[in-house]
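One-letter residues, chain by chain:
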Amino acid sequence: MKNYKVGIIGATGMVGQRFATLLENHPWFTVTALAASKRSAGKTYKECVESRWAMTTPIPKAMEDMIILDAANVEEVASKVDFVFCAVDMPKDQIRELEEAYAKAECPVVSNNSAHRHTPDVPMVIPEINADHIKIIDSQRKRLGTKKGFVAVKSNCSLQSYVPAVHPLRELGCNKVLACTYQAISGAGKTFERWPEMVDNLIPYIGGEEEKSEKEPLKIWGHIEGDQIVDTDDIAITSQCLRVPVSDGHTAAVFVSFDGEVPSEEKIIETWGNYKGRAQELELPSAPKQFLHYFTEPDQPQIKTARTLEHGMAISIGRLRPDTQYDMKFVCMSHNTLRGAAGGAVLLAELLCAEGYIEN
């Protein structure tokens, strides 16, 4: 596999920092550009983030002295890279404009942002679930008038805690889902030092999160029709999303119903254990060897031990049992800034490179 030159747009934020650590020793990708807002431009990466570095590992040595570029200088950044990761904190209309500007500069964008998730010809991909959706990029390029440039996005971090577990059950007739998510503070870009109000606290509201949790899976499970991705209509989802005093890791309590005969617990566990997606078939560098892990112990999976499973890229499931209102219920969890954010975007980029959509 050839080596790709990559940039991080929004490199100073928490997700940008996570991108930096994941890309430090990546076998395919080398960071050649770091960009952020105009106020950070011209400073070294270390100067910008040292006082608010939120990762448990140090600032990557190779990036410490890199000069931050102004993300608004699209041509300058694009000239230094084969593609960019984007994780910026801006109004959605400005994000859409910025990402399309990079795409039109023939610089592919792999985005962690939500702005383009419902753009009909922008694929929103979990590589183990709907890798085939990247084919819509051909239609997007026609709309944008580009040969190489495009935008691809990953889904919201809360989805990663339960959609992967629900996905294989759709083949068994799953048609209704209730998911209550318990989401870590890093999902808000915070640490306990910067958000002491969250210590010994729970906030039963995360703005916009429930709408994302209910609508985004419908696109992920949808299909390409002409020049757009059409949402599925064969499953209904309702959710509640709570912020809890956990540093990293989103947990979900999930209730599911089936159309027709309810599969046995043994059948469901077997289905999870046997499931593999395109990321495993291609043996992508960031892909977990076992995507879905089922724990038989009644008190598992727990955040502290399960969130780093397979470098934080696996999904942990447990407590499968019958329910009195729905057919079955279980709990599952994932690492929200690894599988859910930066790691999921890196895996998506690997898929796009392996399938020939990003060139170097």
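Our subject is the structure listed above.
Residues numbered from 1 in each chain as written. Predicted model: local features only at pLDDT ≥ 70, side-chain atom pairs only at ≥ 80, totals over all residues. Heavy atoms only, no water.

With that settled, consider the overall build of the chain. Along its length, the chain carries 12 helices and 14 strands. Its C-alpha atoms give the chain principal-axis dimensions of roughly 60 × 50 × 35 Å. In the chain, which comprises 360 residues, the share counted as buried stands at 58%. For the chain, contacts bridging at least 24 residues in sequence account for 78% of all contacts bridging at least 6. By element, 47% of the accessible surface of the chain is carried by carbon and sulfur atoms, the whole surface being about 15500 Å². (Helix = DSSP H or I, 4+ residues; strand = E, 2+ residues; numbered from the N terminus. Buried < 20%, exposed > 50% of the residue type's maximum accessible area, 1.4 Å probe, protein only. Contact = heavy atoms within 4.5 Å. Areas by Shrake-Rupley, 256 points an atom, 1.4 Å probe, with all protein chains shown as cover.)

Spanning 12 residues, helix α8 (residues 209–220) covers 16 Å between terminal C-alpha atoms, matching the ideal 16 Å at 1.5 Å per step. Three or more residues of α8 are buried, namely Glu209, Ser213, Glu216, Pro217, Leu218, Lys219 and Ile220. Close packing links the buried residues of α8 with α7 (163–166), β7 (174–183), β9 (228–230) and β10 (236–243). (Expected span 1.5 Å × (residues − 1).)

Attention shifts here to the sheet that holds strand β5 (residues 109–111). An order of β3-β2-β1-β4-β5-β6 is seen for the six strands of this open sheet, with the pairing classed as parallel. The sheet terminates laterally at β3 (69–70) and β6 (151–153), the two strands that pair on one side only. Bridge analysis of strand β1 (residues 4–9) against strand β2 (residues 29–36) gives six bridges, and the strand direction is parallel. In the sheet register, Ile8 faces β2, and the bridge partner there is Leu34. Sheet contacts for helix α5 (residues 92–104): β1, β4 (83–86), β5 and β6; angle to β5, the most-contacted strand, approximately 150°. (Pairing = 2+ DSSP bridges. Axes fitted to C-alpha atoms, helices over the stretch in contact; angles between N-to-C directions.)

All right, on to the sheet that holds strand β12 (residues 292–295) then. By definition, the strands of a sheet pair up through backbone hydrogen bonds, in either a parallel or an antiparallel sense. Strand order in the open sheet formed by six strands is β10-β7-β11-β14-β13-β12, and the pairing between neighbours is mixed. Because the sheet does not close on itself, it has two edges, and the strands there are β10 and β12. In this sheet, neighbouring strand axes are inclined to one another by 25° on average, regardless of whether the strands run parallel or antiparallel. Where β7 meets strand β11 (residues 250–258), eight bridges bridge the pair, whose relative direction is antiparallel. Bridging from a neighbouring strand, Cys180 pairs with Ala253 of β11. Strands β7 and β10 of the sheet are contacted by α8, whose axis makes an angle of about 150° with β10. Helix α9 (residues 265–274) rests against β11, β12, β13 (315–322) and β14 (328–334) of the sheet, and its axis sits at about 170° to β13.

Under the definition given, this model contains 11 salt bridges. Among the ionic pairs, Arg170 bridges to Asp234, the shortest N-O distance being 2.6 Å. Of this pair, Arg170 sits in the loop between α7 and β7 while Asp234 sits in the loop between β9 and β10, placing them 64 residues apart in sequence. Residue classification places Asp234 among the partly exposed positions, given a relative accessible area of 44%. Connected through shared salt-bridge partners, Glu100, Asp121 and Arg143 make up one network. (Salt bridge = Lys/Arg side-chain N within 4 Å of Asp/Glu carboxyl O.)

Time to look at the pairing of β2. Taking burial as the measure, the eight residues of β2 include six buried ones, the bulk of the element. In this region the chain leaves β1, passes through helix α1 (residues 14–23) and returns to the parallel neighbour β2; the handedness of that crossover is right-handed. (Right-handed = clockwise from strand over helix to strand, strands pointing away.)

Now for helix α6 (residues 137–144). Turning to α6, its buried residues number three or more, namely Ile137, Ser139, Gln140, Arg141 and Leu144. Elements that come into contact with the buried residues of α6 comprise α5, β6 and α12 (338–354). Two residues or fewer after α6 comes Gly145, characterised by a positive phi angle close to 75°.

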